[in-house]
Amino acid sequence: MERMNVVIVGHVDHGKSTFTGRLLADTGSLPDGKLDQVKAWCAVNARPFEYAFLLDALKDEQAQGVTIDAARCFFKSEKRHYIIIDAPGHIEFLKNMITGASRAEAAILLIDANEGVQENSRRHGYMLSMLGIKQVVVLINKMDLVNYDQGIFEKVKSEYSNFLSELGVQPAAWIPVCARDGDHLVHHSPSMGWYHGVTVLEAMDCFHKEQSSELLPFRFPVQDIYKFTAQQDDRRIVAGTIASGRISANTDVIFYPSGKRSRINTIEGFNIQTPHQVSADESTGFTLHPQIFIKAGEIMCKVQDPPPQMGTHFKANIFWLGKQPLVLKKNYKLKIGTLRVSVSVEKILNVINAAELNVESKGEVARHEVAEVILKTTKPIAFDTAADHPHTSRFVIVDEYDIAGGGIIMANHPNASSETVGIESSIELSPIDPARRTLLHGHSGKAVFISGIQAARIGKEIEQTLFESEVLSYFIGITDHQSIDIGLHSIRLLTNAGFVVIVAVDLSPTEIVDLAHVITDSVVISDTTPVSDIVASITTVIH
Amino acid sequence: MNHLDRLEAQSVYIFREAYRDFKQLGMLWSIGKDSTVLLWLARKAFFGHVPFPLIHIDTSYKIPEMIRYRNEKALEWNLNLIVGQDTESIKNKRTFPDGSIDRIACCKALKADALKYTLDGTWPRLKLNHSTGQLEPDTSPTPFTGVIVGARADEEGSRSKERYFSPRGIDHDWDIADQPPEFWNQYKTDFAPGTHVRIHPLLDWTELNIWEYILRENIPIIDTYFAKNNENIRYRSLGCYPCTHPVDSPSRNVSEIVEELRTGKFVNIAERSGRAQDKEDGGGLETLRREGYM
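Fair warning: this is a prediction, and the values are worked out from it, not measured in the lab.

Residue and element names in this part refer to chain B. A sheet is described by the order of its strands in space; here eight strands give the open sequence β5-β4-β3-β2-β1-β6-β8-β7, paired in mixed fashion. For this open sheet the edge positions go to β5 (134-137) and β7 (165-168), each flanked by a neighbour on one side alone. Ignoring strand direction, the axes of neighbouring strands in this sheet form an average angle of 30°. Sheet contacts for helix α2 (residues 33-45): β1 (25-28), β2 (54-57) and β6 (146-148); angle to β1, the most-contacted strand, approximately 145°. This element, helix α3 (residues 64-76), spans β2, β3 (81-84), β4 (126-129) and β5 of the sheet and lies at about 150° to β3.

This is the structure we're talking about:
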């Protein structure tokens, strides 16, 4: 049976927890004895029973009488399993509301018929639109307090409907309810004979599962690159979760922002038949051929697909949750997809009061405000715009140790530079079979990585010795991270041309092993090994 | 993708985030069904490997089959196993089974405190030597900064409010009123010195999902979960034997358990109903969890 996450949102005290508690009770979803246990607790503590107490599993909450966090409960209808996320309505807990809502595919928003549309009714509506939740049902609750009056229902509906349409949100249903009494939750109610629409449960069963992003262009944010050597495993696996699209083996791929190209060799997994194809939302891994040096955080795309945008400046809509306001020029950490990069605010275009949608011009963005800003990263990044592709347009901003805000990229900023290294993609290699070169030269090509502080001196000595014995040899020294890409490219060209390339690398031992692994036919040797031994073993392997 | 595929993909993603960002990473292994699924998911995430140690807190009151199963699988799957224990309390008989303290105080000492001081490396801990098959003193106990735990939101109230990445303070305290936001698969992976983060890849799984997955993947599971011989009792949740009681159930294998959970009498009975410490006082477990209990 399918599952769906639905979040319950709305202003504080508009009845979210009562609604959820009653919904669980009316669908027979409570554990045996739970209702009696809570009623007994109320009797002992001289509190009138409330369905909301069912959810307030924590002492904290019972003491304060407000939901502070998004609690999850489970129930099922005849159609599917539901996970109900009861989000807090108090402004102080906006970050918890966002946490809950971001996991949802649909939302139920409650408005108190008596109090009407309040600040967080609007703020939560705004957050839903920003988080990309399009399926919304609005409940006008506590109809008993307004004598089940249809006129009041219509008035609240019309006011809130205007607000939502500015955000581009179209509710699937508007339902008058009295959550405490269960009116229109699971059963129709005689007290509102004028209402002929669906019950809440029926409306929920009409939510549809989110369209899979399988048909969008392929986007694979690289989460990590694994080379586990235990049990003689020599796979070098590019791991991650597919954001959109699908891919199979033998597909040509390109990584952004580096612009490097390769081809999917195998699709990897554990305890599965190797799949022919993998698609959106799957956590998977690939081996590549040829091996290339790429880093976590790049986006792997199909060569044939439209590329993502690239640049250092972009326009974004953000919401801010940090205790400290978001300020200009300060360095923050941006997390977008699997990339982490340093970022600062170049310009605050305007600050929008989420509750009123008023626009102000300010020099900072305070807690719980939303804003339109220009962000600037220290390095070019690859991304999509929200209109093109929701998944790869979303980011969070980390201030010190905490996620302090989130946002979506609206546009690449005009003066942004679009840079890609692209060196490997733009050079065509020789078509001559390497085996024929081996016949010609009398030996094969090989890359020999020397590690350690003496690497350069030893490497040159080895080159000299090999040269004297008529081996095509060539020394390359790589002294910093900036030279890695160009160095690797040269090594690949020279080994391809049949040379024995002696590479002295001034990097950490693990980095050297990782580097060596992207070159076919390579070995790593420490500078503590005697030169004569190294030369002897090279001579053996190339002949 | 079906619901199990989705749960698996999400858990794998969380594992990989944890492995990428926490250099001192470990995973709690309680031998039960949840942590066995957790271990399986780790092997999914890392293509058959488990690239961090598993930590078992041995209260010395564990059901004996649990210890046998632990040692057997650790050797078979080439796991880096670390064992921690509150040896002082056990030696001085300051435990509930010895009659000197109540259940909650016993959990606090043998589980919460033992975990805390095993994680931060201040108490001696043992390490499995794969060549001898024996546990030996861990001579370089480094503190863990990331700890993977198999808690599920549907287990009991306090767990339903957990985050996937949940920061713990210097004293391992959990500030439930001020938890980090989590959205769009972005988690709290930055942390101040001295603090650590609990990582919960199973948060969205239900008890039924766990058994459905064990069935689908054919995961070897300790047999104390099954009714044996002519008896119609089995354990539904595993813990220390003085405080864990079997439930009435005739289920003899994984598919019978799945069927029983889907349709049978457990539909409306809490999974941890056989765990006596949960009932000691209304918020005992929650109080313990705030102080660092798993």
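We are not done yet, so read on.
Attention now goes to the interface of chain B and chain A. Between chain B and chain A, the contact holds 59 residues from the first and 73 residues from the second. Where chain B abuts chain A, roughly 5,500 Å² becomes buried across the two surfaces, and 52% of that area is made up of carbon and sulfur atoms. It is R20(B), F47(B) and W184(B) that lose the most area in chain B upon contact with chain A, and together they represent 17% of the buried surface on that side. Our count for the contact surface shared by chain B and chain A stands at eight salt bridges. Among the salt bridges present, the one from K188(B) reaches D402(A), with a minimum N-O distance of 2.7 Å. Joining chain B to chain A, the criterion identifies 28 residue pairs in polar contact (both at pLDDT 80 or more).

Each α-helix winds once per 3.6 residues, and so residues spaced three or four apart point in a common direction. All names here are of chain B. Of all the positions in helix α7 (residues 254-263), only V254, I257, V258, E260 and L261 are classed as buried. The buried residues of α7 occupy an angular sector of 165° when the element is viewed end-on, so they sit on one face. Buried residues in α7 make contact with α6 (207-217) and β9 (233-234).

By a frequent convention, interface size equals the accessible area lost on bringing the separate parts together. Residues and elements named next belong to chain B. In terms of domain boundaries, chain B breaks down into domain 1 (3-205) and domain 2 (208-277). For domain 1 and domain 2, the distance between their C-alpha centres works out to 22 Å. Domain 1 puts 37 residues into the contact, and the matching count from domain 2 is 27 residues. Each partner contributes to the roughly 2,900 Å² buried at the junction of domain 1 and domain 2, and carbon and sulfur atoms together form 65% of this total. Our enumeration of links across domain 1 and domain 2 arrives at three salt bridges. Its salt-bridge partner being E217, residue K44 comes within 3.0 Å of it at the nearest N-O pair. There are eight residue pairs in polar contact (both at pLDDT 80 or more) connecting domain 1 and domain 2. Secondary-structure elements contributing two or more residues to the side of domain 1 that touches domain 2 are α1 (3-21), α2, α3 and α5 (103-119). Of the residues forming the side of domain 1 that touches domain 2, the biggest block, seven residues, is contributed by α2. A breakdown of the residues in the side of domain 1 that touches domain 2 according to their chemical character gives 17 nonpolar, five polar and 15 charged.

Turning next to the packing of helix α4 (residues 94-102) of chain A against helix α5 (residues 119-131) of chain A. The axes of two packed helices give the description: the angle between them and the distance between them. Residue and element names in this part refer to chain A. Close contact between α4 and α5 brings their axes to 11 Å; oriented N to C, the two are set at 45°. Considered as vectors, α4 and α5 are oriented oblique to each other. Where α4 crosses over α5, the two elements pack in a sense that is right-handed. Of α5, the residues touching α4 (which contributes L94, M97, I98, A101 and S102) are R123, H124, M127, L128 and L131. Taken together, the residues that form the contact of α4 with α5 break down as seven nonpolar, two polar and one charged.

About the cut-offs
- Residues numbered from 1 in each chain as written.
- Chains lettered and ligands numbered in written order.
- Predicted model: local features only at pLDDT ≥ 70, side-chain atom pairs only at ≥ 80, totals over all residues.
- Heavy atoms only, no water.
- Pairing = 2+ DSSP bridges.
- Helix = DSSP H or I, 4+ residues; strand = E, 2+ residues; numbered from the N terminus.
- Axes fitted to C-alpha atoms, helices over the stretch in contact; angles between N-to-C directions.
- Contact = heavy atoms within 4.5 Å.
- Buried area = accessible area lost by both parts, 1.4 Å probe.
- Salt bridge = Lys/Arg side-chain N within 4 Å of Asp/Glu carboxyl O.
- Polar contact = N/O pair within 3.5 Å; in protein donor to acceptor, adjacent residues only side chain to side chain.
- Buried < 20%, exposed > 50% of the residue type's maximum accessible area, 1.4 Å probe, protein only.
- Arc of directions from axis to C-beta.
- Domains from an automatic or database assignment.
- Nonpolar A, V, L, I, M, F, W, Y, C, P; charged D, E, K, R; others polar.
- Parallel < 35°, antiparallel > 145°, perpendicular 65-115°, else oblique.
- Left-handed = near helix turned anticlockwise from the far one by under 90°.

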